Amino acid sequence: MTDQSKAVPRHVAIVMDGNGRWAKKRFLPRFFGHKQGVDALVRIVQACIDRNIEHLTVFAFSSENWKRPSDEVSGLMGLVLAAVSRYLARMGAMGVRIRIVGDRDAVSEKLRNAWNEAESSTQHNRKLTLNVAFNYGGRWDIVQAARAALAELKQAGALIPNQSVLINTLPLLEAQASSEIENIVTTADRLFQFQNTGERADQ
Ligand code: FPP
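So, here is what we can say about the structure in this document.

Definitions and cut-offs
- Residues numbered from 1 in each chain as written.
- Predicted model: local features only at pLDDT ≥ 70, side-chain atom pairs only at ≥ 80, totals over all residues.
- Heavy atoms only, no water.
- Phe/Tyr/Trp six-rings, centres within 6.5 Å; stacked < 30°, edge-to-face > 60°.
- Helix = DSSP H or I, 4+ residues; strand = E, 2+ residues; numbered from the N terminus.
- Buried < 20%, exposed > 50% of the residue type's maximum accessible area, 1.4 Å probe, protein only.
- Salt bridge = Lys/Arg side-chain N within 4 Å of Asp/Glu carboxyl O.
- Near = heavy atom within 4 Å.
- Polar contact = N/O pair within 3.5 Å; in protein donor to acceptor, adjacent residues only side chain to side chain.
- Axes fitted to C-alpha atoms, helices over the stretch in contact; angles between N-to-C directions.
- Parallel < 35°, antiparallel > 145°, perpendicular 65-115°, else oblique.
- Left-handed = near helix turned anticlockwise from the far one by under 90°.
- Contact = heavy atoms within 4.5 Å.
- Nonpolar A, V, L, I, M, F, W, Y, C, P; charged D, E, K, R; others polar.
- Pairing = 2+ DSSP bridges.

Observations concerning the packing of aromatic side chains
No. 1: Under the defined criterion, the tally for this structure stands at 5 aromatic pairs.
No. 2: When the centroid spacing of 5.3 Å and the interplanar angle of 65° are considered together, the rings of Trp115 and Phe134 count as edge-to-face. On the criterion of sequence distance, the pair formed by Trp115 in helix α5 (residues 109–122) and Phe134 in strand β4 (residues 128–136) is long-range, its members being 19 residues apart.
No. 3: Phe134 sits in the buried class, given a relative accessible area of 5%.
No. 4: Aromatic side chains Tyr136 and Trp140 sit 6.3 Å apart centroid to centroid with 75° between the ring planes, which places their arrangement in the edge-to-face category. Summarising the burial analysis for this pair, Tyr136 and Trp140 share the class buried.
No. 5: Linked through ring pairs, Phe61, Trp66, Trp115 and Phe134 together constitute an aromatic cluster.

Digging into the pattern of salt bridges
Any two side chains of opposite charge can pair if their charged atoms end up close together.
No. 1: One pass over the full model with this rule turns up 6 salt bridges.
No. 2: Between Arg21 and Asp17 there is a salt bridge whose closest N-O contact spans 3.7 Å.
No. 3: A salt bridge links Glu119 to Arg104; the shortest N-O distance between them is 2.8 Å. Of the two residues, Glu119 is situated in helix α5 and Arg104 in the loop between β3 (96–101) and α5; the sequence distance between them amounts to 15 residues.
No. 4: Among the charged side chains, a salt-bridge network with shared partners connects Arg30, Arg68 and Glu72.

Points about the site of the ligand
No. 1: Close contacts around the ligand come from 17 residues, with Met16, Gly20, Arg21, Arg30 and Arg68 the closest.
No. 2: Measuring from an oxygen atom of the ligand, one finds a backbone N or O atom of Arg21 at 2.7 Å.
No. 3: Arg30 has a polar side-chain atom sitting 2.4 Å from an oxygen atom of the ligand.
No. 4: If one sorts the elements of the shell around the ligand by residue count, helix α3 (residues 30–50) sits on top with 4 residues.

Digging into the packing of helix α4 (residues 70–93) against α5
No. 1: It is at 10 Å that the axes of α4 and α5 come closest, and there the two elements cross at 15°. When the axis of α4 is compared with that of α5, the two are roughly parallel. Taken as a pair, α4 and α5 cross one another with a handedness that is left-handed. Contacts between α4 and α5 involve Met77, Val80, Leu81, Val84, Leu88 and Gly92 on the former and, on the latter, Lys110, Leu111, Ala114, Trp115, Glu117, Ala118, Ser121 and Thr122.
No. 2: Here the residues of the contact of α4 with α5 are counted per class, giving 9 nonpolar, 3 polar and 2 charged.

Concerning the packing of α3 against α4
No. 1: Their axes nearest at 10 Å, the elements α3 and α4 cross at an angle of 25°. Viewed along their axes, α3 and α4 adopt a mutual orientation that is roughly parallel. When you trace α3 past α4, the crossing you get is right-handed. Where α3 approaches α4, its residues Arg30, Phe31, His34, Lys35, Val38, Asp39, Val42 and Val45 are matched on the opposing element by Glu72, Gly75, Leu76, Leu79, Ala83, Arg86, Tyr87, Arg90 and Met91.
No. 2: A class-by-class count of the residues in the contact of α3 with α4 yields 9 nonpolar, 2 polar and 6 charged.

Quick word on the pairing of β3
No. 1: In terms of residue burial, β3 counts as a mostly covered element, since 5 of its 6 residues are buried.
No. 2: Alignment of β3 against β4, held across 6 bridges, turns out to be parallel. When the bridges of β4 are listed, Ile98 appears paired with Leu130.

Laid out in structure tokens, this is it:
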């Protein structure tokens, strides 16, 4: 084992896919797969804390996912609400800071309130930052970045944004600012490791 392979990453990202395949393999409805996905996430949070990983980003629901059948989408929304009420206190006690990255305008008021509550009640925790990308999309992220950069420019009276203004205003990148994502894991068991060189080593 090389020294590099023993090193613990500071920031890990997980794409929460494979739930449907998990359920199908067991002749269960897809919803069971999503439910298992949430329980797996709780175990992963604990595993990250045990290994002193500082940031965990999960890509939970993309803006593309609205195109899924309406009963699956509403089932997922209900599952998220249930997960917040079931696990929020435990996450707080574990020292987890929760941050939501994504467009909240399209989600129900109930879910928006739950996200706000999750963020505000855990804002001072520092053991692990859990970034939940929800209703997140690249276009949305870029629009946010452009808006924030324009607002900063207006305030500074400047005309041309410098690179750091643009980078610091990207919401998801802002969550990564103290530590860029080093590993992206998908449930298909592929591990992409991002190295400082910016190259990707598929493992
Ligand atoms: C993709 O699996 C998974 C989703 C679209 C939703 C995942 C989100 C959750 C389970 C809720 C997360 C909750 C919180 C609180 C963060 P898939 O159906 O595409 O599976 P497949 O790749 O096997 O088809």
